[in-house]
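Each chain, letter by letter, is given below.
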Amino acid sequence: METALTRLVGVRHPIVQTGMGWVAGPRLVSASADAGALGILASATMTLDRLRDAVREVKSRTDEPFGVNLRADAGDAGERVRIIIDEGVRVASFALAPSPELIAGLKEAGVVVIPSVGARRHAEKVAAWGADAVIVQGGEGGGHTGEVATTVLLPQVVDAVGIPVVAAGGFHDGRGLVAALAYGAAGVAMGTRFLLTSDSTVPDAVKARYLAATVRDVTVTRAVDGLPHRMLRTELVDALERAGRTRALLQAVRRAAGFRKLSGLTWRRLVRDGLAVKHGKDLTWSQVLLAANTPMLLKSAMVDGRTDLGVMASGQVAGVIDDLPSCAELVERIMKEAEEVRERLGVSP
C-alpha cells in the first residue's frame with residue numbers, strides 16, 4: 001500500500017511505531033522495521049553514548065529505515081541531532097515542535113523531519129518551518145494529550161497543511177488504517193498496540209495489566225506532572241491524586257534524585273528540563289520536578305515491572321487489545337484487514 005508516507009521514508013507499509021520511552025528500544029524498533037513499518041527509537045531516556053549504541057544496534061539488526069525520537073527542548077538536543085546525522089538515521093521525530101534551526105540542520109543533512117503535534121496551529125507552525133510530515137495525535141492517544149478527538153483533529157490538520165499527515169490516537173487495526181486514509185492521512189502511528197507485542201521488552205506482568213484493562217481503566221490525570229497524561233489507573237496514580245502539596249513535593253524530590261543518579265544529570269539540568277515542560281503553565285514545584293523525572297516513573301513499570309511504584313502511559317485503545325502478536329504478525333494482520341475493508345467498500349488501491 002503506497003502512500004505519501006511510504007514514499008517519503010521508504011517503508012513498505014503506512015504504519016509508524018512511535019517512540020515510547022523505555023519501550024521503543026532496539027529490539028522493538030528493529031522488529032517493527034523488519035515488519036515493514038517505520039520503527040522509531042525513543043532517545044529521551046538515553047544518555048548520548050547509549051543513544052549512539054542503540055542506533056548502531058538497530059542498524060546491526062535490520063537494513064530497513066527507522067527513526068529516532070527526541071525532545072526538542074532538551075539541553076543536549078543539538079548533540080542528539082548530530083548523532084542522528086553522523087549515524088545516518090533516516091528520520092528524526094520530535095515530541096515537541098523543533099526550532100526552525102534544528103529542522104534546517106536535519107534537512108540539510110538529508111534527514112526526514114516528522115514532529116508530533118496535538119493541535120492544528122502547531123501543525124501549521126512546523127509545516128511553515130519546513131517539517132517534511134507531521135504526526136497528529138488526538139485525545140485518545142497515550143502520554144501527554146489534548147482534548148480534541150482524532151476524528152475531529154485529523155481532518156482539521158489535513159485541510160490545513162500541505163505535507164503528509166500521520167494519524168495517531170486510537171488506532172490498532174486495519175479498519176482504523178482505512179478510516180485514517182479516508183480522512184486524508186498518509187498512514188497511522190501506534191504506540192500502545194506495538195507496546196503490546198511479543199517483541200516489546202515490557203515485562204509480561206505489566207503487559208498483563210494492559211490486557212486486563214477496559215476502556216474505563218484508562219484515565220487522564222494531571223497528578224503526575226501537571227500536564228494531562230493518559231495512563232492506566234493504578235494505586236500510584238490514585239495516591240498522587242490524593243497527595244497534598246507537601247507530600248507530593250517530598251515524593252517528587254525522592255524520585256527526581258533517583259532519576260538524576262540514573263541519567264547522570266545535574267540538579268540544575270533536571271530542574272531546567274522540568275521548567276521547559278512547564279511552558280508557562282501554573283505548575284507547582286513538585287510538578288516541575290515530576291515533569292523532569294516522569295521517565296523514572298515510567299521506568300519503574302516499563303523496565304522494572306514495579307506497577308506499584310511506576311506509571312503506565314496508555315492510549316485508550318488498550319481497552320480493546322487482547323493479544324500479544326509479534327510485530328510481523330501485527331503489521332501483516334493490519335494490512336490484510338485493510339485490504340479486505342477496502343475491497344468490501346469497493347475502494348481501489
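Residues numbered from 1 in each chain as written. Predicted model: local features only at pLDDT ≥ 70, side-chain atom pairs only at ≥ 80, totals over all residues. Heavy atoms only, no water.

## What about the pattern of salt bridges?
Keep this limit in mind: Salt bridge criterion: a side-chain nitrogen from Lys or Arg within 4 Å of a carboxyl oxygen from Asp or Glu. Under the scheme used here, helices are H or I runs from DSSP no shorter than 4 residues and strands are E runs no shorter than 2 residues, and both carry numbers assigned from the N terminus. Note on classification: 1.4 Å probe, protein chains only; a residue is buried when its accessible area is under 20% of the maximum for its type, exposed when over 50%, partly exposed between these limits.
Evaluation of the coordinates by the stated rule reveals 18 salt bridges. A salt bridge links arginine 82 to aspartate 86; the nearest nitrogen and oxygen atoms lie 3.3 Å apart. Placement of the pair is arginine 82 and aspartate 86 together in helix 4 (residues 77-86), with a separation of four residues, close to one helical turn. Aspartate 323 is the salt-bridge partner of arginine 193, the closest N and O atoms lying 3.0 Å from each other. One end of the pair, arginine 193, is in helix 9 (residues 192-195); the other, aspartate 323, is in the loop between helix 14 (285-302) and helix 15 (327-345), and 130 residues separate them in sequence. The exposure class assigned to aspartate 323 is partly exposed, which follows from its relative accessible area of 24%. Linked through salt bridges whose partners overlap, the residues forming this network are Arg52, Arg56 and Glu87.

## As for helix 4
The α-helix advances 3.6 residues per turn, and as a result positions three or four apart in sequence lie on the same side. The condition is simple: Of all possible arcs, the one meant is that of the directions from the helix axis to the C-beta atoms. Only heavy atoms enter the contact rule, under which two residues are in contact if any of them lie within 4.5 Å.
Three or more residues of helix 4 are buried, namely Ala77, Arg80, Val81, Ile83 and Ile84. The buried residues of helix 4 occupy an angular sector of 155 degrees when projected down its axis, which confines them to one face. Among the structural elements, helix 3 (48-61), strand 3 (66-70), strand 4 (91-94) and helix 5 (100-108) are those in contact with the buried residues of helix 4. Note on helix 4: the residue one or two positions beyond its end, glycine 88, has a positive phi of about 70 degrees.

## Concerning the packing of helix 8 (residues 174-183) against helix 15
Just so we agree on the cut-off: With axes taken as lines fitted to C-alpha atoms, and helix axes fitted only over the stretch in contact, angles between N-to-C directions fall between 0 and 180 degrees. An angle below 35 degrees is read as roughly parallel, one above 145 as roughly antiparallel, one from 65 to 115 as roughly perpendicular, and any other as oblique. Crossing handedness is read from the near helix: turned anticlockwise from the far helix by less than a right angle, it gives a left-handed crossing, and turned clockwise, a right-handed one. Only Asp, Glu, Lys and Arg are considered charged in this grouping, and only Ala, Val, Leu, Ile, Met, Phe, Trp, Tyr, Cys and Pro are considered nonpolar; every other residue, Gly among them, is considered polar.
Remark: helix 8 packs on helix 15, axes separated minimally by 7 Å, with the N-to-C direction vectors making an angle of 60 degrees. In terms of their interaxial angle, helix 8 and helix 15 are classed as oblique. Handedness of the helix 8/helix 15 crossing: right-handed. Listed contacts from helix 15 to Gly174, Arg175, Leu177, Val178 and Leu181 of helix 8 are Ile334, Met335, Glu337, Ala338, Val341, Arg342 and Leu345. For the contact of helix 8 with helix 15, the per-class residue count stands at eight nonpolar, one polar and three charged.

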